[in-house]
Amino acid sequence: MASPAPATRADTEHFDAIIIGAGISGMYQLLKLRELGLKVRVFEAGTGVGGTWYWNRYPGARFDSESWSYGYSFSRELLEEWEWSEHFAPSRRPCAI
C-alpha cells in the first residue's frame, strides 16, 4: 500500500473564509472580507476570474441584463474607467464548436 502524500502548505494553512467562484460575487466577497482583516482563499474552476458568464463559449452569447449592471459597482475607479459599447454585452471569447 502506498504512503499518503505529504501535507502541502495549502493542506495545513488556515483561512477565516473560503470563496467558491471568482465571478463578480466572489470578487466582491473577497474585497469585503479582506477589508475586515480576514484571511481568505478563492477557489475557481476556470483558469482565471470572470465567472460563469465570462467562460461561456456558445455562439451569440450575450449578457441578459444591461451591460452596466455587470460592473464592479463596489469600485468607483473600475466603473469609471470602463465604457460599455453595447447595452447587452456580447461574449468576446471565441467559440470552439
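Here, every reference points to the structure presented above.
Because the structure is predicted, anything quoted here is derived from the model rather than measured.

On to the nonpolar core. Judged by nonpolar contacts, Ile19, Ala22, Met27, Leu30 and Val40 together constitute the single largest core of five residues. With sequence-adjacent residues up to four places away left out, Val40 is seen in contact with Phe15, Ala17, Ile19, Leu30, Leu33 and Arg34.

All right, on to helix H2 (residues 24-35) then. Two residues of an α-helix separated by three or four positions point the same way, owing to the 3.6 residues in each turn. Here H2 is twelve residues long and its end C-alpha atoms lie 17 Å apart, about the 16 Å a rise of 1.5 Å per residue gives. For H2, the complete set of buried residues consists of Gly26, Met27 and Leu30. Taken around the axis of H2, the buried residues stretch over an arc of 100°, which confines them to a single face. Exposed residues pointing more than 90 degrees away from the buried face of H2 are listed as Ser25 and Glu35. Of the surrounding secondary structure, the elements contacted by the buried residues of H2 are strand S1 (17-20) and strand S2 (40-43). The first or second residue beyond H2 is Gly37, which carries a positive phi of 85°.

What follows concerns the pattern of salt bridges. A complete count under the given rule lists two salt bridges for this structure. Between Glu13 and Lys39 there is a salt bridge whose closest N-O contact spans 2.9 Å. With Glu13 in the loop between helix H1 (9-12) and S1 and Lys39 in the loop between H2 and S2, this residue pair connects regions lying 26 residues apart in the sequence. According to the relative accessible area criterion, Glu13 is partly exposed, its value standing at 22%. According to the relative accessible area criterion, Lys39 is partly exposed, its value standing at 38%.

Conventions adopted
Residues numbered from 1 in each chain as written. Predicted model: local features only at pLDDT ≥ 70, side-chain atom pairs only at ≥ 80, totals over all residues. Heavy atoms only, no water. Core = buried A, V, L, I, M, F, W, Y, C linked by side-chain atoms within 4.5 Å. Buried < 20%, exposed > 50% of the residue type's maximum accessible area, 1.4 Å probe, protein only. Contact = heavy atoms within 4.5 Å. Helix = DSSP H or I, 4+ residues; strand = E, 2+ residues; numbered from the N terminus. Expected span 1.5 Å × (residues − 1). Arc of directions from axis to C-beta. Salt bridge = Lys/Arg side-chain N within 4 Å of Asp/Glu carboxyl O.

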